[in-house]
Amino acid sequence: MTLKEQILTMLQQTDGYVSGQQMCELLGVSRAAVWKAVQALRGEGLEIDSATNRGYRLQSAGTGLSRARILAALGQHPWRETLQLVPEVGSTNTELKTQAAAGAPAGTVLIAEKQTGGRGRLGRQFASPPGIGLYLSVVLRPTARPTELSHLTALVAVATCDAIEAACGIRPQIKWTNDLVLGKKKLVGILTELALEAESGSVQYAVAGIGINCNHQPSDFPPDVAQMATSILQETGRTVDRSRLAAELIRALARMDAELLSGKQAWLARYEHDCITIGQDVKIVRGDEIRFAHAIGLDEDAGLRVRYLDDGSEGVVFSGEVSVRGMYGYV
Ligand code: BTN
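Since we're looking at a predicted model, the values are computed, not measured. (Residues numbered from 1 in each chain as written. Predicted model: local features only at pLDDT ≥ 70, side-chain atom pairs only at ≥ 80, totals over all residues. Heavy atoms only, no water.)

Caption draft 1: Structural detail: the pattern of salt bridges. Within this structure, the stated rule accounts for 18 salt bridges. Put simply, D241 and R69 hold a salt bridge, and the shortest N to O gap is 2.6 Å. Note that D241 is positioned in the loop between α7 (232-236) and α8 (242-258) and R69 in helix α4 (residues 67-74), a separation of 172 residues in sequence. Judged by its relative accessible area of 7%, R69 is buried. Across the pair E193 and K97 runs a salt bridge whose closest N-O atoms are separated by 3.0 Å. (Salt bridge = Lys/Arg side-chain N within 4 Å of Asp/Glu carboxyl O. Helix = DSSP H or I, 4+ residues; strand = E, 2+ residues; numbered from the N terminus. Buried < 20%, exposed > 50% of the residue type's maximum accessible area, 1.4 Å probe, protein only.)

Rendered as structure tokens:
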């Protein structure tokens with residue numbers, strides 16, 4: 001733990017003031033070092049009061065992103081040492097793919113306050129304004145072939161539902177395959193990418209990227225998505241503590257990673273439970289082909305099992321665009 005993190009922990013564990021002298025003695029540092037660390041925490045948005053002869057007191061931890069606060073909320077966790085928080089990046093997924101190719105270990109997490117080139121599925125952009133969202137990617141290194149990881153995105157979706165529920169008290173639903181929705185509007189986008197080892201064909205690494213609309217007002221979304229998008233603030237009326245949410249997301253992703261292969265069935269059962277698409281009529285667009293179907297369930301790899309309305313035949317959909325009636329402007 002850095003000095004800043006140790007001081008934050010002491011302040012969080014105390015209701016009133018902690019004296020500067022006490023901090024110096026317990027942490028074995030000078031008064032100047034304590035003051036510098038307190039200033040750095042203030043710079044991250046924490047409101048720390050200081051009073052002569054009394055010391056320091058945490059007034060408000062704020063709701064912004066701060067590495068110290070994420071780590072304090074995370075506690076002892078195997079992924080804490082490699083956590084990175086940066087003010088700005090093109091895309092957290094792109095940056096982590098570079099780091100993973102250079103050897104970054106599983107569990108390396110990158111969070112950006114702002115993305116200038118946030119990427120979505122099918123080459124789309126993912127708007128990532130500063131101060132209101134959570135844009136987080138993680139490196140995973142499962143020992144598996146790509147065909148054994150078809151369910152990865154689905155499990156990331158369930159882990160993200162778990163994190164939002166733990167931090168914000170509301171559980172989103174999943175629109176197959178990888179959008180989380182609240183009130184039929186998009187709340188979270190997920191982009192998972194795999195890199196293969198040329199010789200063996202096995203997975204070298206995966207990067208899972210999650211973008212959560214936390215404290216957005218309707219005017220914060222680009223005009224073309226404003227009608228279809230929502231935020232946790234809009235749905236609950238409460239400002240999201242993004243550091244707490246980040247910590248819950250890291251925890252949930254680590255649990256998912258540990259059970260990615262061994263716990264697949266149980267996680268997919270949870271996905272099926274949260275999935276709003278199942279039981280609905282859907283429109284499936286693949287290239288120029290459009291077909292209408294009824295979504296009847298999931299197969300063992302998280303493919304969507306459907307019954308086509310035109311001829312009653314059944315099939316499994318793995319890719320393409322699946323629109324659910326009544327959502328995202330599809331009526
Ligand atoms: C989608 O909705 O199509 C997926 C959006 C995924 C956005 C996240 S934000 C963090 C990570 N970095 C990116 O560039 N994309 C993902």
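Caption draft 2: Layout of the sheet that holds strand β14 (residues 321-324). Read from one edge of the open sheet, five strands run β13-β12-β11-β10-β14, paired in antiparallel fashion. The open sheet has two edge strands with one neighbour each: β13 (314-317) and β14. Averaged over all neighbouring strand pairs, the angle between strand axes comes to 45°, with direction disregarded. With four bridges connecting them, strand β12 (residues 304-308) and β13 associate as antiparallel partners. Bridge pairing in β13 links L304 to V317. (Pairing = 2+ DSSP bridges. Axes fitted to C-alpha atoms, helices over the stretch in contact; angles between N-to-C directions.)

Caption draft 3: Here's a closer look at the pairing of strand β8 (residues 185-196). With four bridges joining them, strand β7 (residues 179-182) and β8 adopt antiparallel strand pairing. Counted as the bridge partner of D179 is G189 from β8. Here β7 hands over to β8 after two residues, with G183 in that stretch at a positive phi of 55°. Bridge analysis of β8 against strand β9 (residues 203-213) gives nine bridges, and the strand direction is antiparallel. Following the sheet pairing, G189 is matched in β9 by G211. Between β8 and the antiparallel strand that follows it, β9, lie six residues; G201 among them carries a positive phi value of about 75°.

Caption draft 4: View of helix α1 (residues 3-12). What α1 keeps buried is the set E5, I7, L8, T9, M10 and L11. Buried residues along α1 sit in contact with α2 (20-27), α3 (31-43), β1 (47-51), β2 (55-60) and α4. (Contact = heavy atoms within 4.5 Å.)

Caption draft 5: Representation of the site of the ligand within the structure. Near the ligand you find 18 residues, and of these S91, Q115, R119, R121 and K186 are the closest. S91 places a polar side-chain atom, nitrogen or oxygen, 2.7 Å from an oxygen atom of the ligand. Contacts to the ligand include T92, whose side-chain N or O atom sits 2.9 Å from a nitrogen atom. Starting from 410 Å² of accessible surface for the ligand in isolation, the protein chains cover 97%. Comparing atom positions with the cavity grids shows the ligand to sit within the largest pocket. Counting only elements with at least two residues in the shell around the ligand, the list comes to α5 (92-101), β5 (133-140), β8 and β9. By residue class, the composition of the shell around the ligand is five nonpolar, 10 polar and three charged. (Near = heavy atom within 4 Å. Polar contact = N/O pair within 3.5 Å; in protein donor to acceptor, adjacent residues only side chain to side chain. Areas by Shrake-Rupley, 256 points an atom, 1.4 Å probe, with all protein chains shown as cover. 1 Å grid on protein atoms, 1.4 Å probe; cavity = no way out; pocket = protein on both sides within 12 Å on 5 of 7 lines; lining within 4 Å. Sits in = over half its atoms within 2 Å of the grid points. Nonpolar A, V, L, I, M, F, W, Y, C, P; charged D, E, K, R; others polar.)

Caption draft 6: Representation of unusual backbone geometry in the model. With an omega of 5°, the peptide bond between W176 and T177 qualifies as cis. For L122, which is not glycine, the phi dihedral falls at a positive 55°. A positive phi is found at K184, a non-glycine position, where the angle reads about 70°. Considering the arrangement of structural elements, one finds K184 in the loop between β7 and β8. Judged by its relative accessible area of 46%, K184 is partly exposed.

Caption draft 7: Examining the packing of α1 against α2 more closely. Put simply, α1 and α2 touch, their axes get as near as 12 Å, and they point 125° apart. When the interaxial angle is binned, α1 and α2 end up oblique. Judged by the twist between their axes, the crossing of α1 over α2 is right-handed. Seen from α1, the contacting residues are L3, Q6, I7, M10 and L11; seen from α2, they are M23, L26 and L27. Looking at the contact of α1 with α2 residue by residue, the classes come out as seven nonpolar, one polar and no charged. (Parallel < 35°, antiparallel > 145°, perpendicular 65-115°, else oblique. Left-handed = near helix turned anticlockwise from the far one by under 90°.)

Caption draft 8: Just the side chain of S128, in detail. Counting through the fold element by element, S128 comes out in the loop between β4 (109-112) and β5. Side-chain polar atoms of S128 contact the side chain of Q115, separated by 2.9 Å. If near-sequence neighbours (up to four positions away) are discounted, S128 is found in contact with K114, Q115, G118 and Y135.

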